[in-house]
Structures are given as structure tokens and as C-alpha cells.
Amino acid sequence: MISNNNRAVIGKLANRNIKFNGTRNIFILITIILSVSLLGVMSLTQSAREQKIKRQLDMVQHVMYEDVNEEQIEKLKASDEIDFLTLAKFGKSFKIQAKMIHPIYFEKDTKNIKTPAIIQGSYPEKLNEIAVYKPMLKLFHNVKNIGDTIRIKFLDGREEEFNISGFIEGNENSNVFQVLFSKEYSESGEQLKDVPYTVLCKIKNADRMSENEFLDTVRRIGRYAGIERKNINPHNAFANSLSLSKQNALFIIGLSIGILFVSILVVYNVFYISVLENIQRFGQLRTIGTSKKQIRVIVRREGKIMFSKGTPVGLLISWIISYLINPDGWSWRYTIILSLIVAIAEYITIIISIRKPAKIASSISPVEASRFSGNKHNGVKETKNLHRKLSPYSMAQISLKRNKNKSFLTLVSLGVGGVLFIMGSTLIVSTSLEEYSRQGLYEFGEYIISFDYNTVQTMDKGVTGVQLDNPIDKELIQEINELPEVNKVIEFHRTSVKFDYKDAINVGDHFSAFTKEDIDTINKTLAEGRFDYNEMIKNDEILIVYNKVAEEIYGWKFEIGDKVNFRYFDGKKEVEKSFKIAGSIEKPSNVTHHSGWFLLPAEKLELLFPDLNTIDTLVVSINDFETEGDIAESKIHSLIDKNPLLGMHTLRQNLIEDKESFNLLYKSIIGLSGFVILFSLINLVNTIITNIISRKKEFAMLQSIGLSNKQLVKLIQFEGLSLSFGNLIITLIFGSTLGYGLIRILQHVGATYLHYRFPIYYFMVYIIIIIIVPLIVSSILVRLFQKESLVSRLRHVD
């Protein structure tokens, strides 16, 4: 006789039930391990990413104070709010064989501010010593090792000779190379002696500040030192790290809730089926004195034991995967904290999942349990037909109807996985990678021809200086247009100007042109003010583009109605002129893709620069980019290579870079969907297996009165397929609806490269998986089932 307060016996009974239900335990363990590992990988990977960023940011300056003089440097050194500072200089960048070269100087000891590290050789000390990226030596003839002499032609045309003292750490495939000069050269060398110092600073206790507090602090320090706001350059990544990313947090939380919900469905269904199978056993326990509460405790204890076995395995898997994904961000502290959170969430999931099954197990009296058959008839009406045609299909339908709860839970679990899969695959097939890559000037064509970077930098008057003898002339445009592969050539007009407004004095920017055809676009994107095309020409009016950027840099915005003073070279003489601000544009459009801050009518630009060819960029559109792109690219290159002042960028290269980024996103979406589908399939397989095991005697009776082995297989397969087809209907209706809604929402927030398409091929693969799994599982289990004799199965006790 079991004593009602004997906890040890309750524990033993729970352990015996676990040993008795081996198949059920496997499914529960797999579900718990999958759930815990997926939650762990998501949270730990995100944490590792943030920790990696934090560690990287610990080695960068918090702020750069640019264009400073000796007096300002001394004031910064005297500030109690600055923890550490170091001096640097940045010379004018230039190109050598399409590689960007940055002349720089950093002090030798920059403590915890990471600067280019010398990986071989020594830091340059003498006037003629430099340290370079080793891959950069490929740009020079017969220069291979430390100690070799290298001749560099700078942006101003000067050619100087240096000895290589060391190699800087750098990416082998980088397109940007830094050249580190000595302190002596920074003070007396031609390329750096006239360059003002930049001060790199670490702010005390910056990591404890909010983003706004940090920005207020660095600006206040700058004001105290007499540094203009435009020369105060906070490290944006560090500033952003001071505020939690709500979007990332909400995304992780939303996914976690979804995973836990699916886990609840699966675990609940497995326990629910297990309880129905063991009702008679629980009734026997009630008969010998076990209370309702103790029955509930037994079921809950089983869940807790399964939790204790599955959770450590799931956490270990998540640790290994997370470490392999991002070893640089690994932190035992955050790993332990997040693992505890995941474990607690999974424990709550298990408790919620088994609550209802435990209640069912405890609610049935010993008498009811003795008569329990394992099949519920709730809601199934008695038929008036005394004679019914029985077939494997009709019998499968009868079985599903008398087990509505079980069937419903399996359908819901499968449906959630299917809907998430269809939503994810909808996002994939609805994304036009080419349209994504075509954002900006590539919207108009596949090839962008513009002035060479070095050329523009060397010109005293910037873009306008090149346009005095503009290589983008009518002859070049005609030659490109005459190529048989070319559809059209689009011209963009822009000139260099300098402006004065408030405390921004002699700042360089551009006048960009728009035409009458662009009026509707501007009206749709106008944030403030209003404009009239002809009035703008008559009254010297301009539009401001991206006013918020000005506010970020200077602390003020261009105000509607104010005047801005400009100085520019019109091709013959220097001109000073004021323009009134008519309005401002914040949203990007085809008008703003190639603009500076200032936008004005094309006719006005012609009036301001009457003797100047103001074209600075061409966009070339090809008839058939897929088939003729390579041929056209070769021909266009042969035309522009004749003139060293021109360079070209291609859509093809842009597509390659964007494809790499999207491939990672696609793999993440499919991987997550696959996990959820796996949860669902576990539930489906468990339902099929438990149906066969629990109805062993029923099937034997049917076979004893004439049911063939072939018909038995069909009966069981029809039951599984009925669930599969029900799931496919749910997936098709809700998956396509929610997928369409997702695309529409993303389009509304600016993802214009998305166009809804139903993922027919993904859905076909899903159909095959959902149909094949029950067929295979049913066939295998029935064959195993048939190895036992009919008489033995008829004697089977439920």
C-alpha cells in the first residue's frame, strides 16, 4: 500500500513511467534539446556579436577633434574629462592603380586607442622612413622587403623617396592602403607639415553614459577648447553602442516567444497522448490510494526529469555552435547569464505544457479509467446509417474525428512551422537583388562614368576645375551612344561651390540640377517649404537636401526663408551670390541620388555657369545587360581608358557584393524555418507512432475479421496524410496571407526592391516533405508491428 505522503514513492513511480515510455521520451528530449539549443544560439550569438563590437570599440577613440592648433591641444590636455589623448595627422588621399592610398601619422604609443600595428620591422623614426601594408608593394616595381627604397608620387604631383622601416597589419584584399610616416616627417615633410593635427580622445567613464550624455560631453569639451562643432567628430559606432538596440531586442524576443510556443504545442501534445495511453495505469494508482494531487505531481515530475536531461545537452550544443560562429565575442559571464535565462524559459515552457495533461490524468476516477479505451468520442454524433461502407480512408477519418484534440494540436503545431517557412521563403523569392543593387544611380543604368578621384582632389576648384576642360564632352557621349549594346546615356550636372551660413564659413559642397520632369518627385518628398520651378530661377532660390545631416554636423538646420551666401568659379571669374532657401527634402529619390546639399533648376545652373560644361557623371544603360553587359563593358572601358581623368563603376561588381550579404540572410531565414518545421515533424511522427502503438489490439481485431496488411498500411497512412493535407491548407491560407502582409509592410517602410511572389518551389518541396514523412514512418512501423503474431497482438493489454 502506498502512503499518501510518501514522496520517495512518487519519485520512483515517475522514473518508472519514464522508463516505460521510451518512444515518448525520445520525442520530448529532442524537442527540449532543439528548443534550448535554438534559443541559446540566437541569444548567445547576438551577445557574442555585441561583445565583439564592444571589445573593438574599447580600442578606438571616443571622439576626434579635427583641425586643431597648439592652444586648443593644450586646453584639451588640461581637461579633467579626457582620460587619454593622442595626436594624428591625415594627409590628402590619392589613388595608385585603383587602390586608395591614405598618408597618415600616429604617435608611437597610443595606449588603448588602436592605431595601425607594426607586424614586422619597426615604427618609422627618420624623415625618410615609412611603414606600409605589405600587399601595397605589388603596386611598385622591384620593391619587396623592409629596407627597400620606394618612390611615391603624391596628389600634388611631387615624387618622394622613402625607406620601408616596417609593415602595417592589413587585409590582403583591401582596396585601401595606409602609409605611416614618422613624427619628423609630420612636422617638416612636404605632404604633412601644413596639415593641422587631429586629436584622438578617450572620455572618462564614457561607457557609463547614455548616447545623449556622451554627445553633450564631447561637444562641451570641444566648446571649452574653442573647437568648432563641425570639427568635433564623435565615433558614431561607440555612441550608438551606448543605447540598446530596441529593434534587435524585440526581434530576438519575438523569435524566442515563437519557438517557445511551438515547443509548448509539441511537448503538450506528446504528454497529452502519453496520458491518454496511461489512463488505466493512473486509475490503478488511484485505486490503491494515490490522490489527484499526487497523480499531478507524478506527471509534473516526469516533465521536470525530462527537462533536467534535455536542457544541459541543448545548452552545450548552443555553446559549441555560438563559439564556432563568433569566437572573438565569447564571454563566460554572459554565457552563464543567458543560459540561465534560457533554462528558466524552457522550464516554464515545460510546466505550462504538462499542466493540462497532468490535470486530465488526475481527474479520471478509477471506474472511468477501467473503462477508458484511449479514443474520445466527444462531439462525434451517432450515425443513423446501420450499414456504412468501410475503407481504409473512411476508417482513418473516423479515427481522426474521435481524437479531435490530438488531431487539432498536431495540425496547429504543423501549421505554425509551415506558416513561418512560407513567410521566410516569400521574403526570399520576393526580393529583387538587382533592384536592391540598383538603388542610387544604378537605377538609371549599369555603368557609372565619373571623374577620377585623384583628379578632383588635385583641382583647386574641385569638380568645376575639371569641367573647365571637361573630358565628358559631346564627342564621348556620342561615341558611347553609338555602341550597338547601349540603350541610352543619362547626364548628371553638378558643380563645386563654397558657402557661408551661420558659423559654417567657406565650406565646400555642390550645386546639383533638377529638371521640370522632376517636379512631381520633389513635391512628394518635400519635407518643408514649397517651391515653384520658374520662381526659383527668377528669385535665386534653392532647395536643401538632407537637412538633418546639417543638424547632426553643425547643431543647426538650414531655415526656410534664410539666405545662404555662395562663392564659385563660373568658368571665367569668381562669383559671390546669395540664394534663398525655398524648401527642404529628406526622403531619397532619383533627384537626390547625386546631389549635394543644394538643389536648383537645370536652367538656373546653365545661367550661373554659361561657359562651362557642368556634366560630372554619366550613367550608361544597356539594351540587354545579361547577354550584352560584358561586351558593352569592354567597349566602354576602351573609350574612357583613353582619358586618365575618367573612371568607371559597374553594376556587376555591386551585384557580387550585395549577393554575398543576402546569401547570409537567406541561410539564416531557411535555417530558422527548418528548425520550426523540424519541431512540427517531431509532433507528426510522434502522433503516428503513438497511434500505432496504442491501437495495436484494435488493429489486430480488424485484421482478425478480414483487414489485409495492405489495407492496414493504407489506413495508417491515410491518417497521417489527412493531418498533412490539413496542415498544407493551413499553411497555404495563413502563410500566403501573412507573407503578402509582410512584403506590403516592408514596402511601406521603404523596401522598394520587394515585390510579392508566392514561393511555389519552396512550397512544393514542403509538400513533398510533409507527405513523404508520414508515408515512410507508417510503412516502417507497420512492418515492425507485423512481426508480432496476430494472437499475441490480440492478447495485448492497453
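Residues numbered from 1 in each chain as written. Predicted model: local features only at pLDDT ≥ 70, side-chain atom pairs only at ≥ 80, totals over all residues. Heavy atoms only, no water.

Trainee: Go over the overall build of the chain with me, naming the residues and quoting the values.
Mentor: Assigned secondary structure in the chain consists of 27 helices and 21 strands. Looking at the chain as a whole, 49% of its 798 residues qualify as buried. Contacts in the chain between residues far apart in sequence, at least 24 positions, make up 79% of those at least 6 positions apart. (Helix = DSSP H or I, 4+ residues; strand = E, 2+ residues; numbered from the N terminus. Buried < 20%, exposed > 50% of the residue type's maximum accessible area, 1.4 Å probe, protein only. Contact = heavy atoms within 4.5 Å.)

Trainee: Give me the packing of helix 9 (residues 292-325) against helix 10 (residues 332-363): which residues, what numbers.
Mentor: Between helix 9 and helix 10, the least distance of the axes is 8 Å, while the angle of their chain directions is 150 degrees. One element, helix 9, and the other, helix 10, form an angle in the roughly antiparallel class. For the element pair helix 9 and helix 10, the recorded crossing hand is right-handed. (Axes fitted to C-alpha atoms, helices over the stretch in contact; angles between N-to-C directions. Parallel < 35°, antiparallel > 145°, perpendicular 65-115°, else oblique. Left-handed = near helix turned anticlockwise from the far one by under 90°.)

Trainee: Could you give an account of the pairing of strand 4 (residues 99-106), with specific residues and numbers?
Mentor: Burial within strand 4 is extensive, with six of its eight residues counted as buried. Bridging between strand 3 (residues 94-96) and strand 4 involves three bridges; their strand directions are antiparallel. Paired with Phe94 across the bridge in strand 4 is Ile101. Bridge count for strand 4 against strand 9 (residues 176-181) is five bridges, and the pairing is parallel. By the bridge assignment, Ile101 is partnered in strand 9 with Phe177. (Pairing = 2+ DSSP bridges.)

Trainee: An account of helix 22 (residues 625-640) is requested, with residue identities and associated values reported.
Mentor: An ideal rise of 1.5 Å per residue puts 22 Å on 16 residues; helix 22 reaches only 19 Å between its terminal C-alpha atoms. The sharpest bend along helix 22 measures roughly 30 degrees and falls at Ile631. Along helix 22, the positions that sit buried rather than exposed are Phe625, Gly629, Ala632, Glu633, Ile636, Leu639 and Ile640. (Expected span 1.5 Å × (residues − 1). Bend = angle between axes of the 7 residues up to and from the residue.)

Trainee: Account for the nonpolar core, naming residues and giving values.
Mentor: A general trend in soluble globular proteins is that nonpolar side chains are found buried together. Ranked by size, the top nonpolar core spans 62 residues in total, and within it Tyr65, Met136, Ile203 and Phe214 carry the most contacts. Dropping the residues within four chain positions of it, Met136 is found in contact with Ile101, Ile152, Phe177 and Val179. Listed in part, the 32 residues of the second largest apolar core include Ile472, Leu483, Leu618 and Leu639. (Core = buried A, V, L, I, M, F, W, Y, C linked by side-chain atoms within 4.5 Å.)

Trainee: I'd like to hear about unusual backbone geometry, residue by residue, with values.
Mentor: Backbone geometry places Asn142, a non-glycine residue, at a positive phi of 60 degrees. Relative to the assigned elements, Asn142 resides in the loop between strand 6 (129-133) and strand 7 (149-153). Of note, Tyr546 is a non-glycine position whose phi angle comes to about 55 degrees, a positive value. Of note, Tyr546 is situated in the loop between strand 16 (541-545) and helix 20 (547-554). Judged by relative accessible area, which is 27%, Tyr546 ranks as partly exposed.

Trainee: Describe in detail helix 25 (residues 709-748), supporting the description with residues and values.
Mentor: The end-to-end C-alpha distance of helix 25 is 57 Å, a good match for the 58 Å that 40 residues give at a rise of 1.5 Å each. Gly750 sits one or two positions beyond helix 25 and adopts a positive phi of about 120 degrees.

Trainee: Which residues make up the packing of aromatic side chains, and what values do they have?
Mentor: Aromatic ring pairs are described here by two measures, namely the spacing of the ring centres and the angle between the planes. Counted under the stated rule, the structure contains 39 aromatic pairs. Taken together, a centroid distance of 5.6 Å and an interplanar angle of 25 degrees make the contact between Phe421 and Tyr766 stacked. One end of the pair, Phe421, is in helix 13 (residues 404-429); the other, Tyr766, is in helix 26 (residues 760-785), and 345 residues separate them in sequence. Assessed through its relative accessible area of 9%, Phe421 is described here as buried. (Phe/Tyr/Trp six-rings, centres within 6.5 Å; stacked < 30°, edge-to-face > 60°.)

Trainee: Requested: an account of the side chain of Arg494, with residues and values cited.
Mentor: Tracing the backbone shows Arg494 in strand 13 (residues 486-501). Only 3.1 Å separates the side chain of Arg494 from the side chain of Asp616, close enough to count as a polar contact. With sequence-adjacent residues up to four places away left out, Arg494 is seen in contact with Val463, Gln467, His510, Phe511, Ser512, His594, Leu605, Thr614 and Asp616. (Polar contact = N/O pair within 3.5 Å; in protein donor to acceptor, adjacent residues only side chain to side chain.)

Trainee: So what's going on with the environment of Val591? Residues and values would help.
Mentor: On the secondary structure map, Val591 appears in the loop between strand 18 (574-585) and strand 19 (598-601). Those residues within four positions of Val591 in sequence are excluded, and the remaining contacts are Phe514, Asp518, Thr521, Ile522 and Leu599.

Trainee: So, the confidence of the model for the chain: which residues are in play, and what are the values?
Mentor: Looking at the chain, pLDDT values average 80 and 80% of them are 70 or higher. A low-confidence stretch, residues 374-380 stays under pLDDT 50, and its non-local contacts, those more than four residues away or across chains, total 14 contacts. (pLDDT = per-residue confidence, 0-100.)

Trainee: So what about the pattern of salt bridges? Which residues, and what values?
Mentor: Inspection of every chain in the model, using the stated rule, returns 21 salt bridges. Across the pair Arg494 and Asp616 runs a salt bridge, and its minimum N-O distance is 3.1 Å. Of this pair, Arg494 sits in strand 13 while Asp616 is found in strand 20 (residues 615-622), placing the two residues 122 residues apart along the sequence. Accessibility assignment for this pair places Arg494 and Asp616 in one class, buried. With a closest N to O distance of 4.0 Å, Glu633 and Arg652 form a salt bridge. With Glu633 in helix 22 and Arg652 in helix 23 (residues 651-694), the pair connects residues that are 19 residues apart, well separated along the chain. (Salt bridge = Lys/Arg side-chain N within 4 Å of Asp/Glu carboxyl O.)

Trainee: Which residues make up the pairing of strand 18, and what values do they have?
Mentor: Bridging between strand 15 (residues 526-529) and strand 18 involves three bridges; their strand directions are antiparallel. When the sheet's bridge partners are listed, Gly529 is paired in strand 18 with Gly583. When strand 16 meets strand 18, the two strands line up parallel, connected through five bridges. By the bridge assignment, Leu543 is partnered in strand 18 with Gly583. Note: strand 17 (residues 563-569) against strand 18, seven bridges, orientation antiparallel. Looking at strand 18, one finds that Arg567 is bridged to Glu576. Hairpin connection, strand 17 to strand 18: the antiparallel pair is bridged by four residues, and Gly571 has positive phi, about 110 degrees.

Trainee: How would you sum up the side chain of Asp509? Please name residues and give values.
Mentor: Tracing the sequence through the fold places Asp509 in strand 14 (residues 504-514). No salt bridge is formed by the buried Asp509, whose closest oppositely charged neighbour, Arg494, lies at an N-O distance of 7.5 Å. There is a polar contact of 2.7 Å between the side chain of Asp509 and the backbone nitrogen of Trp597. With residues near it in sequence (within four places) discarded, Asp509 still touches Thr495, Ser496, Val497, Phe499, Gly596, Trp597 and Phe598. (Lys, Arg positive; Asp, Glu negative; His and termini not counted.)

Trainee: I'd love a proper account of the environment of Leu39, names of residues and values included.
Mentor: Its location among the elements puts Leu39 in helix 2 (residues 22-57). C-alpha of Leu39 to C-alpha of Gly314: the two residues are 275 residues apart in sequence and 9.2 Å apart in space.

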